[in-house]
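Structure at a glance
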Amino acid sequence: MNRQFLPLVLMAGLLSACASPAPEPKAALRGEVFYLQRIALPPSAQVSVSLQDVSLADAPALELAHQTLPGGQQVPIAFTLEYDPKQVKPGHSYALSARIENAGRLLFTNTERHSVKLDGSDPQPLRIRVDAVR
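Residues numbered from 1 in each chain as written. Predicted model: local features only at pLDDT ≥ 70, side-chain atom pairs only at ≥ 80, totals over all residues. Heavy atoms only, no water.

The strand order across the open sheet formed by three strands is β4-β1-β8, and the pairing between neighbours is mixed. With one partner strand each, in any of the chains shown, β4 (77-83) and β8 (126-129) form the two edges of the open sheet. Geometrically, the sheet is characterised by an average inter-axis angle of 35° between neighbouring strands, direction not taken into account. Bridge analysis of strand β1 (residues 27-34) against β4 gives seven bridges, and the strand direction is antiparallel. Looking at the pairing, L29 lines up with L81 of β4. (Pairing = 2+ DSSP bridges. Helix = DSSP H or I, 4+ residues; strand = E, 2+ residues; numbered from the N terminus. Axes fitted to C-alpha atoms, helices over the stretch in contact; angles between N-to-C directions.)

So, about the nonpolar core. Judged by nonpolar contacts, the single largest core of 27 residues is most densely connected at L51, L96 and I100. Looking at this core, the elements that each hand over two or more residues are β1, β2 (46-53), β3 (62-69), β4, β5 (94-102), β6 (105-109) and β8. Among all residues touching I100, those that are not within four sequence positions of it are V33, Y35, L41, A45, Q46, V47, R105, L106, L107, F108 and V130. (Core = buried A, V, L, I, M, F, W, Y, C linked by side-chain atoms within 4.5 Å. Buried < 20%, exposed > 50% of the residue type's maximum accessible area, 1.4 Å probe, protein only. Contact = heavy atoms within 4.5 Å.)

Moving on to the packing of aromatic side chains. Evaluated as defined, the whole model comprises one aromatic pair. With a centroid separation of 4.2 Å and an interplanar angle of 5°, the aromatic rings of Y35 and F108 are classed as stacked. Here Y35 is found in the loop between β1 and β2, whereas its partner F108 is found in strand β6, with 73 residues between them in sequence. Among the residues examined, Y35 registers a relative accessible area of 5% and is labelled buried. (Phe/Tyr/Trp six-rings, centres within 6.5 Å; stacked < 30°, edge-to-face > 60°.)

A few words on unusual backbone geometry. A cis amide bond, omega -5°, links V75 with the succeeding residue P76. Residue placement: P76 occurs in the loop between β3 and β4. Residue Q124 is joined to P125 through a cis peptide bond whose omega torsion reads 10°. Relative to the helices and strands, P125 resides in the loop between β7 (114-116) and β8. In the Ramachandran plot, A103 falls in the positive-phi region, its phi being about 55° despite a non-glycine side chain. Structurally, A103 can be placed in the loop between β5 and β6. Unusually for a residue other than glycine, L118 sits at a positive phi of about 60°. Within the element layout of this structure, L118 appears in the loop between β7 and β8.

Dropping the structure here:
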């Protein structure tokens, strides 16, 4: 190797070692939250959607992703939950949950389990129905 190229090769090696790693790829679930009542949401109502590992019956669900949507929207309300696919464990069960709150008061929540497989076979957009809390 020619000696005049040696410093150039060494600098290229140093620069490649200092380069930041590529960002981890994210997976996403897209869908909408809706309810059947023919009423409008208060302007300050917030919708929260979360993806949870619900595998353990005697332990709280582990949250993998969460999104709180700004107020001023009406149903159906679209969401996109990005999650790290590396957190998905074979044999575990996963589900989505949604709730609508206004000024700290729960107005709507899902009352049925919305299971997802997280293997690419989940139909999108997902639809999560929430029911009024009395």
